[in-house]
Structure formats: C-alpha cells, structure tokens
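Summary of structural features
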Amino acid sequence: MHIPDGYLSPATYGSFYALMLPLWYWASRTLKKTLKARQVSYLALGASFSFVIMMFNIPIPGGSTGHAVGGALVAIAIGPWAALMAISITLIVQALIFGDGGITALAANCFTMAFVMPFSAYFVYKLIASGSGASSPRRVFAAGAAGHISLNMAALVTAIALGIQPLIAHKPDGTPLYAPYPLKLAVPIMALEHLVFFGVVEAVATALVIAYLARTEPSLLGLTPTLTSRDKATGNSKGLKRLLAWLAVLVLLTPLGLLASGAVWGEWGSAEIDSMLGYVPEGLKKLEGLWPALLPDYTVPGLESPFMVALTYILSAIIGVAGITGIAFLVSRFFSSAEKQP
Amino acid sequence: MKLEWLQKEGIGPCPTHKAASRNKSFIEKTLTGIGRLLSESIFAEAFAAADGPLQRMDPRVKVALVALLIITVSLLRHLSLFAAIYPGIILLVVISRIPLRFFLTRVWVFIGVFSGLLAIPALFNVFVPGDPLLTIVTFEKAHSFGPYQLPQAIAITRQGLGTASLFIMRVASSVSLVVLLVLTTRWASLLKALRVLRVPRMFTFILAMTFRYIHMLLRLIEEMHLARMSRVIRKTSAGAGQKWIGSQIGVVLKKSLSTGEDVYSAMVSRGYTDELKVLDTFRVRPVDYLWSGFALLAVSVVLWLNRTFG
C-alpha cells in the first residue's frame, strides 16, 4: 500500500499535499487541546507502535504469513486524530530511513493510511460496538469489521490515485508517464487482493488484539482522552442509521440521472453558455480547464456499456458522499472541539 | 574447522541456519525481519560516518537539494534525460565512498521486486494500448469481456516499452536519491534537518523520539519471539499462532502507552514545560552554497531540456 516515488504525477501528489496540510493542522490543534504537553511522548510511542505492528508476521492456515497495517487498531486504541498524527510520523520514518514509500508520495500515503484508514475504522468500530460490553462478541466483531472495511477503503483510494495516472498524464502518442494501468485494471486488482487476503489478515489481527485487550485491560478500550469525548458525541445512533439508509437509497438511485437530458442548471460548460448568451465571458474561458474533473461526467473512460455506466454512477456517488461526509465530519469536529474549551 | 562466515564483515545469520529452515515459521520470519531492519540502520550509520563531500554537507542543504531533485525527477517526460542524470547520481555515490555494488543492490533489488514486475505487463497491448512493435500471438478475432478487451494480435507496443522504461527509470532515480541521502546522513541530523522543509519543530522532535523508541519496541518484540521459539518444540496450528500474536501485539500496545506516560513524567521531572529547546549545531559553509548553485544549475538545464523536447 506504500506508494513509492515515481508512481504519481506532480498534479496528483501536489493535491494530496494540499489535502493533508489542513488535516495535519487540525489534528495538531485537536491534540494540543486533548493531550496538552503529554502529546510529544504519547505520539512518539503511538508512532513507534504503528511502526512495529507491521513487523509481526501473522500465520495464515496453509503455512503462509501476512502482516497487518494496523491503522484500525491504532485508531481504536488512541483515537482517530492521534492515529492520524502517529501514523503520519511512522510513514515519514519509513519513507526517510527505510525507503518504504516515496517522498513525493508521502502525503498520498498519509491520506490513505493515516486518514482514510483510521477514520473509517473508527467510524465502523463505533457504529457496531457502541453500547456493547467490554468483552461482548459484538465488540470483537466490530474490531474485525473495522480492520477489513478500513483497509479496503484505503486500498480503493490508493487504486483510484494510481488508476487515474494514465488519464491525466500521458504523452501525445498515449504513452503513460507515471503508473501505467487504468482504473479498470487498478481498482479490481487492488480490490480483489485486499478483499480476499490483506483485509482478512487485518481483520483477524485487529479482532484478536481487541479481544485480548478486552480480556486483560478493558480500561484501555474506553479511557484514552480522545475516546471518552467521542463516546458522548455518538449517542444519537438511531438517527444516524436512518440517515445512512436514506443515503444508501439515494446512491442506488443515482443512475436515474441517465434518464434526464440536457445540462444541469448552473453547471453549463462554455458551449452551453455560448448558445444561451451568444458569447462566453472572458473570465470563464480562462477558468475553464483550471479544474479538470477527476471523473469527467461521472463516468470513467473505457467503461461504456449501460450496466458499467450505471455502476460508475453509483461508484461516483459513493465517493462523493464519502467525501462530503468526511468534510462535514471534520468541520463539525473542528467546531465542537472549539466550543468545548471554556 | 573453518568458520568463514564468522570472518565476514557485517551482520547476518550463520549460513547453516539459513539452509536448515527453508520453510520458515512466522516466528522466524519476524525475527529475520527485525534483524534486517536493525542491521540496515546500523549499516546506514556507518556510511554516514565516512568522510565524503556529501557527508560533510550541511544536512539542511542536503535535504532541500534532494527534495528539489526528486521533484525534478517527477517532472521529466523523456527517457534520454534520465539516461543523462543517472550517471550523475552514480558519480555522487562513488565520491561519497559508498560501495557501488552495495548501493546498486539496495536500489535495484527493491525496484526489480516491486516496480519491475509491475512494469512488465504494461509492455503488452492487452494492458496499455499502442502501436505494435513485436507481435507475440495472433488469435482468430479480438475478444471483449465487459470493459476488458483482448486484441486480436497480442504485441509489445512502442507505448508500452516507453511507459515501462520511463516508469522504471523514474522510480530508480527517485529511490537512488533517497538512498543516497539516507546513507550519507546520520538519522538524527536527517530528522532535525526536516525543519528546512517547514516541518514544525514539534514534529521533528517527535520523529527523533519515535525513531529511538522503535528500536526499544523492536528489541521487545525480538525477545518475545525468541522466548517463544526457545520454549515451543512442535509446530502449532495457525489459529493458536494467531491468538498468540494477538496477545503479543496487545502487550506491545500496552507497553508503548505506559512508556509514553513514563517518558512524559520523566520529561516533566526534568523541567519540561511544553516548550522545545533543540540543540542545533548545523552550519552552512561556503562549499554548501557551491553545491546549491551547482544543483540549481543542473536542475534548470534539465528542466529546460525537458521543455524543449516537448
């Protein structure tokens, strides 16, 4: 999952740096408030733990072994914001000293493994385990599900980042300049190996460690500073479930958009503006092309059959909803932590 | 009896051990991994202590220049430019007194194992469409499975060859630059020097501490695995092994959290007040300006050529 240097185009890794800078800033702000002066030693040891967790080889029936990434476990143990910082630090050490993952790709790796993975894991874990006792099987299951789902989320984002490279960076004759495989290859291959193999290893490792901690040190699963403040915030889980169900229905209905014709009001391109107004404003002409869409028209080139188009619509909707939910979650966290201060 | 392996320089397991355990258990794999990691960081320090021009360079200047070079490498679009800069990197390796064989093995084994294997399928028009250069097989007709197409003639393409070689050279140049930086800089200076890239002081401080405690936790894990290996004589089931690993990761987690607390107490009792004072002894010398000027010139020329080639 560590993307080396040379796989991502400057536009892509630059965007990831632009995404990570505010996240790092918010994380350090939040931790300064919750951990105060102890954050230095707390994060250093958290980061050391995130590093060494990958050293553990986990036996798999059949004689093979695999290792866990640990993002889910770290998030459950020290909270997602501390996990973001701790795993980022681990990734810097790995990139600089052990050559694992690139320097230009550092922010991309931090985004997938230090942001997407711990936050999705924490969300899944809280959603399933909330209200269960320390030693209930539901908590262990929640940990396993968090490990599996979060690793696959991170793998999906990695695959998308790699898969868009041939689209956005190629020579005039079509020679890809960076990672050469398109989305239709990168996504299924990453998804397959992570759904079937790495995800299972991650799930087993996360579940076993949480089961062990529940047995021997239940206080650790509910007494870290970030965890306790979050516990109160997720009290309203019934409303949340209803919201999630609605979102799922809406996402599945997105291919209905195919039936509509014409441009969406307010989303005209310069050609449509030209036919409506008779001219194209200078400023618009300049700005168009400044933001080439990641998924132009919500479909992926090369996937043209009606079923695939519908599928890419649904995929686009999931990515969009996840993105917006993520941003909303961050903003709400930002304001709620600001309010709590006396 | 001759024990040649004992006289060899460097660190490693004895060869009889290697031969005896072809099918390694998860415990041995972990122990080997830890051993390799520890010896790697010791090796790197040995080269960093050598007396070479790159070792003498101010770490901040070196970090900034390597960052600049890696970004430049990521911008290049032509194989010929990589052919021009790679000998330059090799020259830097040689004048830094890093054994060339060691350096090339370290860089190219990594690239061969990961990026090389990854690049091979890209040669064929099955994965990257393009103009055929060398046809391998010809079928009666082209097939298509949903969004996937199998062309009638499977061939190595010009575009495929271009992308694979460009991809490998780009990865190789970036990895070489990072390895060069790591091998010529003490890790403590390297982490401190990140300040020059606007990394906050708090971060660089935590980084240095992390690196130190990684070693402590690695020793702990090593001891736990050795203890188990020396007490278990028969093969255990994968399930039992998994359960044991789960508890060990839990123990390491508890240990790291409690150590974090202990370290904090120790810091407070020595007068720590949330304010970091770090001893910076870096000094930029005239020769560092010379290096910077040279690097900027080289980067400008390469980027200009990159532009002219289109």
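Just so it is clear, the structure is predicted and the values come from calculations on it, not from any experiment. (Residues numbered from 1 in each chain as written. Chains lettered and ligands numbered in written order. Predicted model: local features only at pLDDT ≥ 70, side-chain atom pairs only at ≥ 80, totals over all residues. Heavy atoms only, no water.)

1. Quick look at the overall build of chain A
The line we're drawing: A run of H or I in DSSP becomes a helix once it reaches four residues, and a run of E becomes a strand once it reaches two; helices and strands are each numbered from the N terminus. In this description, contact between two residues means that some pair of their heavy atoms is separated by no more than 4.5 Å. Working definition of accessibility: Shrake-Rupley area with a 1.4 Å probe, residue cover restricted to the visible protein chains.
When helices and strands are counted, chain A shows 13 helices and two strands. Taking the intrachain contacts of chain A between residues at least 6 apart in sequence as the baseline, contacts between residues at least 24 apart amount to 71%. Total accessible area on chain A is roughly 15500 Å²; 71% of this is exposed by carbon and sulfur atoms.

2. So, the overall build of chain B
As a reminder, the rule being used: Just to be clear, the radius of gyration here is over C-alpha atoms, and the globule rule we use is 2.2 Å times residues to the power 0.38. The buried label goes to any residue with under 20% of its type's maximum accessible area, the exposed label to any with over 50%, and the partly exposed label to all in between, with areas taken from a 1.4 Å probe on protein chains only. Working convention for charge: Lys and Arg count positive, Asp and Glu count negative, and His plus the chain ends are omitted. A charge is said to be at NZ when it belongs to Lys, at CZ for Arg, at CG for Asp and at CD for Glu.
The helix and strand tally for chain B stands at 12 helices and four strands. Relative to the compact-globule value of 19 Å for 310 residues, chain B shows a C-alpha radius of gyration of 25 Å, a clear excess of over 25%. Out of the 310 residues belonging to chain B, those deemed buried represent 43%. Accessible surface, chain B as shown: approximately 17200 Å² in total, 64% of it carbon and sulfur. Within chain B, one finds 36 positive and 17 negative side-chain charges whose respective centroids are separated by 3 Å.

3. Quick look at helix α2 (residues 39-53) of chain A
Test applied: Expected helix span is taken as 1.5 Å per residue step, with the number of steps being one fewer than the number of residues.
With 15 residues, α2(A) extends 21 Å from end C-alpha to end C-alpha; this agrees with the ideal 21 Å at 1.5 Å per step. Across the 15 residues of α2(A), 15 count as buried, placing the element largely inside the fold.

4. What about the nonpolar core?
The condition that has to hold: Put simply, buried Ala, Val, Leu, Ile, Met, Phe, Trp, Tyr and Cys residues joined by side-chain atoms within 4.5 Å make one nonpolar core.
Formed by 164 residues in total, the largest nonpolar core has its most connected members in F49(A), L84(A), I97(A), Y125(A) and F103(B). Look past the residues within four positions of L84(A) in its chain and what remains in contact with it is M20(A), L23(A), W24(A), A27(A), A114(A), F115(A) and F119(A). If you look at the next biggest cluster of nonpolar residues, it comprises seven residues, including A159(A), I160(A), L183(A) and V187(A).

5. Considerations on the environment of A298(B)
All names here are of chain B. Tracing the sequence through the fold places A298 in helix α12 (residues 286-308). Judged by relative accessible area, A298 falls into the partly exposed class, the value being 33%. Along the chain, A298 and I95 lie 203 residues apart, while their C-alpha atoms are 18 Å from each other.

6. Overview of the pairing of strand β4 (residues 153-157) of chain B
In summary, the side chains of a regular strand alternate between the two faces of the sheet. All names here are of chain B. For clarity, the threshold we go by: A pair of strands is considered paired only if DSSP assigns at least 2 bridges between the two.
β4 sits mainly inside the fold: four of its five residues count as buried. When strand β1 (residues 132-138) meets β4, the two strands line up antiparallel, connected through five bridges. Bridging across to β4, P132 finds its partner in T157.

7. Structural notes on the pattern of salt bridges
All names here are of chain B. How we decide: Think of a salt bridge as a Lys or Arg side-chain nitrogen and an Asp or Glu carboxyl oxygen that are within 4 Å of each other.
Under the defined criterion, the tally for this structure stands at six salt bridges over all chains. In this structure, D131 engages R158 in a salt bridge whose closest nitrogen and oxygen atoms are separated by 2.7 Å. Taken together, the positions of D131 in the loop between α7 (100-119) and β1 and R158 in helix α8 (residues 158-184) put the pair 27 residues apart, joining distant regions of the chain. By relative accessible area, which is 40% here, R158 ends up partly exposed.

8. A few points about a nonpolar patch on the surface
Residues and elements named next belong to chain B. How we decide: The patches described consist of residues with a relative accessible area above 30% and no salt bridge, like charges being joined within 9 Å and nonpolar side chains (Val, Leu, Ile, Met, Phe, Trp, Tyr) within 5 Å.
Taken together, the side chains of L133, L134, I136, V137, F139 and L161 define a hydrophobic patch exposed on the protein surface, amounting to about 520 Å² of accessible area. If one sorts the elements of the nonpolar patch by residue count, β1 sits on top with four residues. Following the sequence through the fold, F139 ends up in the loop between β1 and β2 (143-145).

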